[in-house]
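Given next are the chains, with one letter for each unit.
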Amino acid sequence: MVPMPSKHHAVANAVNEFTVLPLALPPTSSFPKKATHYLYLRPNAPKLPTADTPREVFLVNVPVDSTETHIRALFAGQLGGSRIDRVDFEGARAGKGITAPVTSVKKGRKRKRTDAEGNVSTAEEVGKLPETWDRELHRSGGTAIVTFVDKASSDLAMKEARKAAKAGQEIQWSLVIEAQAKLLGSARYTAHHSLAYPDSAVLQQSVDDFMTAFSAQESARSRALTKQRSVPDSDGFVTVTRGGRAGPAREEEAREKGEELKKREKQRVGEDFYRFQTREKRKAEQMDLVKGFEEDRRRLEEMRKRRGKVRPE
Amino acid sequence: MHGGPQSLVSLASRKVPVTIHTLSPREIWDFDLTYAHTPTDRRVNMAVPASKRRKIEHESSEEDDGASFASFGESDSEADHEAEQDVDVDNANDLEGDVSDDGDEEEQATGRGSAPKQSRKAQNEDRPKSQKPVSASDGGALTAGSFKSNMFRLQVDELLQQIRPRRGKREESAEQALHALKRTIEGSAPRPACSVVEAERELLTSSKVTIPFPNPRPPKDAKYKLEYAKPANINVVGSFVLKTSSRTKETLDVDMSVTMPSSLFQDKDYLNYRYFYKRAYYLACIAAAVQQAHSGEYDLCMQSFRDDGLKPVLVIAPKESLGRGGDIKPAPNWRINVLPCVGADVFPADKLLPSRNCVRPAEHAGAEPTPSYNSSLRADMLMAQSLKLVHSAATTCDAFRDACMLGSTWLRQRGLGSSISAGGVGNFEWAALMALLLQGGGNNGKPILSERYSSYQLFKASLQVFAMKDMSKQAVIIGQAAGDVRAAATGLPMVWDGARSHNLLYKVQPWAYLQLRREARNTLEMLGDQLYDGFDATFILRLNNPLLCTDRVLELSVETVKDQRKLYDILKQGLGDRVNQLHFRLPSGQSWQLSAAAPEYASRGILQIGIVINPKTVDRTVDHGPTAENKTEANSFRKFWGEKAELRRFKDGSISESLVWASGEAGQSVLEQIVRFLIKRHVSEAAEAAASFMSDAFSPMLRPGVSNATFQPIVDAFKQLETDVKGLEDLPLSVRQIMPADAQLRYSSIQPPATVPNRHRPMPADVTIQFEGSARWPDELVAIQRTKIAFLLNISDKMREAVNGATTRIGLENRDHDILNQGFLEIVYDAGPAFRMRVHHDREQTLLERQLKDKSLAPSAKEAAAVGLATFKRNYLRTPGHTQAIAGLCSRYPALSATIRLTKKWFCSHLLAYHIPEEVVELMVARTFVQPWPWQAPSSVQTGFLRTLHWLSRWDWRAEPLIVDLSGSAELKQYDVQSIKTRFEAWRKLDPSMNRIVLFAASNIDTDGTTYTDGRPSRVIASRMTALAKAASAQIEELQLSLEPASLFSSPLDDYDFVLHLSAVAWGGNKRSSSKGRTAFKNLELASLDDTSSVGFDPAALFLDELQDLYGSAVLFFSGGAERPVIAGLWNPQTAPRSWKVNLAYSTVPVKAANAEGVQARINKDAILSEIARLGGDLIERVVA
């Protein structure tokens, strides 16, 4: 195992506009080694600032198991005691990149949902399926936005963090707090296993709610569509919308009909009717053979390149 | 961290340096498509003048009849010499190199030789096929029937170019030696006739040469005299002069025949070994002369010709010589065999027919015929004629030589050869047989082969003769047969050459003949399989590893078993239908010094008997013999089995002789008991004591047992589930079908499903349920998922009321992807089996496809739709079909289920299970059974598993898709295969660096080929899989029978960057200890929940999935599932230090760069490990990094 780079290299205490805050990770029984985690923070500066922006701090490289309680305790207990309004963790678990800085999500702690579901978000709110995890985890290297109660608190927090970083002061992560959070390890999975099987009445209720909202939404939409179909807009155009009189299947049917027609056309004149047809067919067959042969030759050439000469073992 | 001392990878990396590079997974990261960049452009210089080319081409026709020594030596070598000089000019530096070195020189020689020939051949091939439209554009290169396929033909051409003999230094040196030897032998002084005793003493004292008399040696008082006179003729015979031997052989064998003058023999010398005594004396005289003249240059020794103890020959090999600089030059690798022979007219042919007796017993005449003695003598008389026969065939039939080389390669790869120990069918027999079949052998004496056949057609037709005709029942007769040949065929194969009055296959042993026929049938069947390019299996693969070829191996010392043929008959009779094949492998004969006495034939060494079992009958414990009324048969049964035979009365009332064996579970298997009993009774106790029996060492690794029966409870429970659900009343929609979709339901999970509650938490088996169509489903994906839950809730309620002995509940899944399935119904039967049922709704596919095509949607939504579609197809369309197909095959091939389980165990042991989906492993193993070429379908777990590894080590997944027909009834058509291949090539073109699709595994059920391998495994993993399989194969090849099965299943953990050793809690073995004193939490109460709620709980798998989610882009995780309680990891090299930025997907340390300008981000390994340790909590025992 490569030793900690920090022992050989100077760790920066600031990078770009970020302050680097080292967090001492306590050793555990299975990994009895002290490690240091580096949290990066700076005042939030999104491209489109909101009213809350001044009292927000943007965190990068949040520990995967951090909770709001952890962050609150970190600032309240060890960094000047600033009070926090809320913490928004980066939710999108998109494969590679995340866009940063993340703008504050209005919906609260809920995960960012995909567009597919955005259509039905009204139904979503009422018919949500029961949660199956009692403690969320965050992608390694992920970000979070901490909203303090006011700008003064956020400034104080940043100042304290800078000071701690400069002084090389050891900030402890999660020692006390962990005891208050939901357990990790097998307990968490056991809890998950039991949460994954919700009570059937609860589940029934959630499904019913969803379906009611869904059908309401459907009918609202079809009403809207009908309206769109019949009412010209301000420029006098009528929007063309799907789902007219013939219903949603029309498009597919039309395509099918088109293909049928093509097929019929082809069958009308038999394939071997004209002499040129047979001739062309034969020619095409021969071309296929030649092409196949060339293809095989190429393949053999490749095989030779890969495996060397053809030779009995 | 240390792997076992026997551990596979360390062993392999020590012994097989080639594989080292690919072995360490860390190195595999860097393993790229380097093979594509290796400079392989070989210059093929065709600048040889056309006139010279022609000359070489026609050298064979310049040879006059019989290819006399003189003509060979002079005119031919002239032509060849010129050619050699040609090469010299073109490429002088290459000739400096070793002869066996593959340089341009070789390319040239072969290119030159084949170019004109090829066009001529091509014309020939087109002639008979003129009715088919053949494109003329490529000089008739298209195969149109004369070959299996273009590809096959191209490969054959390539192979022939590589193995055609050519003149190199080795050949030149051998020719010089031939000239010198000829002069010496011709110049040797005649010796006057003398008695046996005198002759022996004389030779021993004057030249220290013992006369290699065959056994029994001549009586001291023999009346006849031994004499030596100048040979009548000296000739080079055999494959060297006919140019039919492959040049890849390690040593070049040159046969030199020395015809003894007929004046030395009397009329009756063919009787009672007299010819052989005289021959031995003659040979000893030659040996003495050669030794006197050349002892400085050559090593001399004696050997039995083709293991025929009657016919010793003198073997002359070059000595190492001192080079100019005083260093030792290695000797050129050739051997000259001096074969004494006689003219064809010395003894009358009809006295030597197989039906005649030529070794008169001392007491009375009229004894048994001595076919092998007669034929052995006859073969000596026909030396020149045989050469003529083959030579004339080679001149009249263009493809003859090529076909000979194909044939001899085919035989060699199957361990068959001319010597008796290798079966008695070799290069010469193949060539002579083809030459004969060009003359006759068919109906009404018409030739079976045509001179216009291509080499492949000649080869295949000859195989057909072996496969179709049982020559041991009815002799194949070419030309006129002397009357009693047919009658004389006594269970031994016979190809009777009427013109020369000789049985070509006289050396073939019964087991070798069966092997030959079997191999011929296999190869034909394989060549007939249009979906399979059998080239490698026909000519390239070496099939002599007993572990791969046979299920069990018995080893006996040859000393204890003198009469192998008797042993063969006894074993055959005694084992009956329990075995499919018995395969004897005898030790080959030894050579001996001139001064030493000839050893008794094959008195030392190991007789290896390979046994291919019949899996259905091999463990039968009771054998029924003849009924008691049938006196004669019962008597012979008793005689054969001795005290083991018992008279028993059976349930059906019959009273018959029978044998009862102890069931194999305790100690020896039934098969071993029988074999040992037979050897003890019919051979000797000493032989039995010394015999070693290798039973199936791999089966015991599977617990509990290899039988399909361990899966029966869950299969029955599935049927029960079907009845239960279909019997529910008032379901909103009626059930169309319920399909199994789980490894447990196709006999393929490593652990058979636990059936006893409380002992093991059973893993639920996935099943799908499909309802009759209805228009009332919502037309929106998320809503469909909720509707499914509603349906399942409904079923759950109804089942709770209607079905006794089952617990049901709804579980949630795929929280983050709400267009994927959201809920499943879990049904746990009190008896143990558990199921997870998901609803299959057709409409989803259309909706997902529509969403994919919708241009207005965001890329992320489209990606979700793509994932959804792939998941839908996999879970509802492919897996149920796959499950049914594999289950079907498992009942068809008894060894398949256990082989799949063992192979999965192998993948788990090497921590690849998380990456290689089990369906792909199943396909790999199924391939070994449904496409078993060049073998037949494996009949034991051992052969099935080892052959799978063997194939895996050779599978070039970069360029070959895995295509398996699981139907068992050839449902997969060539057209489908073609389209699968096209799809594969499209994928490779689309994704040449293989970031997404690495393994491509298709079947008749899944023609997409990417259902199970999209995104996983990565190229690194696939390379590691191949490297491990290669190491295992090398070990199998090297150790053969001394292979320790467990060593294939161990690999060290030091290859990984860190290893998480999981605790017992992770496997649910122990309930969590409450010593932490935090029982106040609700979580802990869950631990004491009843067993049904813990069904399907696998914390280790959940943990691994989360790790993959959290750290997947920085770490590559390895896990062996339940087989090995560790999770290992490698840091992705993409996490190398880089300039700091916000969006890194892993925890970092900001380090000041050396130039004090920027800040570098290094991966914070300790912090990540610390996090993982926190996350895993009590699941992890320790983290080793």
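Scroll up to find the structure.
What comes next concerns the included structure. (Residues numbered from 1 in each chain as written. Chains lettered and ligands numbered in written order. Predicted model: local features only at pLDDT ≥ 70, side-chain atom pairs only at ≥ 80, totals over all residues. Heavy atoms only, no water.)

### Things to note about the packing of aromatic side chains
How two aromatic rings sit relative to each other is given by the distance of their centres and the angle of their planes.
Argument step 1. This model, assessed by the stated rule, comprises 51 aromatic pairs over all chains.
Argument step 2. Measuring from centroid to centroid gives 5.3 Å for W511 of chain B and Y568 of chain B, while their planes differ by 55 degrees, and the two rings are tilted. You can see W511 of chain B sitting in helix α20 (residues 510-528) and its partner Y568 of chain B sitting in helix α23 (residues 564-575), a full 57 residues away along the chain. Grouping residues by exposure puts W511 of chain B and Y568 of chain B together as buried.
Argument step 3. Between the NZ or CZ atom of R786 of chain B and the centre of the ring of F210 of chain A, over which it lies, the distance is 4.3 Å.
Argument step 4. Residue placement shows R809 of chain B over the ring face of Y197 of chain A; its charged tip is 3.5 Å from the ring centre. (Phe/Tyr/Trp six-rings, centres within 6.5 Å; stacked < 30°, edge-to-face > 60°. Helix = DSSP H or I, 4+ residues; strand = E, 2+ residues; numbered from the N terminus. Buried < 20%, exposed > 50% of the residue type's maximum accessible area, 1.4 Å probe, protein only. Lys NZ or Arg CZ within 6 Å of the ring centre and 35° of its normal.)

### Looking at unusual backbone geometry
Residue and element names in this part refer to chain B.
Argument step 1. Across the junction of N215 and P216, the peptide omega takes the value -5 degrees, indicating a cis bond.
Argument step 2. Position of P216 among the secondary structure elements: in the loop between α11 (196-207) and β2 (226-228).
Argument step 3. Going from R1016 to P1017, the amide bond is cis rather than trans, its omega being -5 degrees.
Argument step 4. Summarising the element assignment, P1017 is placed in the loop between β27 (1001-1003) and α35 (1019-1039).

### Quick notes on the sheet that holds strand β28 (residues 1058-1062) of chain B
Residues and elements named next belong to chain B.
Argument step 1. Taken together, four strands build an open sheet; the order of strands is β29-β30-β28-β34 and the sheet is antiparallel. Of all the strands in the sheet, just β29 (1115-1119) and β34 (1180-1184) have a single pairing partner and so form its edges. Sheet twist, expressed as the average angle between the axes of neighbouring strands with direction ignored, equals 20 degrees.
Argument step 2. Relative to β34, β28 runs antiparallel, the two being bridged by four bridges. Pairing of V1059 across the sheet is with V1184, part of β34.
Argument step 3. Where helix α37 (residues 1099-1111) meets the sheet, it contacts β28, β29, β30 (1126-1131) and β34, and its direction lies at approximately 165 degrees from that of β29. (Pairing = 2+ DSSP bridges. Axes fitted to C-alpha atoms, helices over the stretch in contact; angles between N-to-C directions. Contact = heavy atoms within 4.5 Å.)

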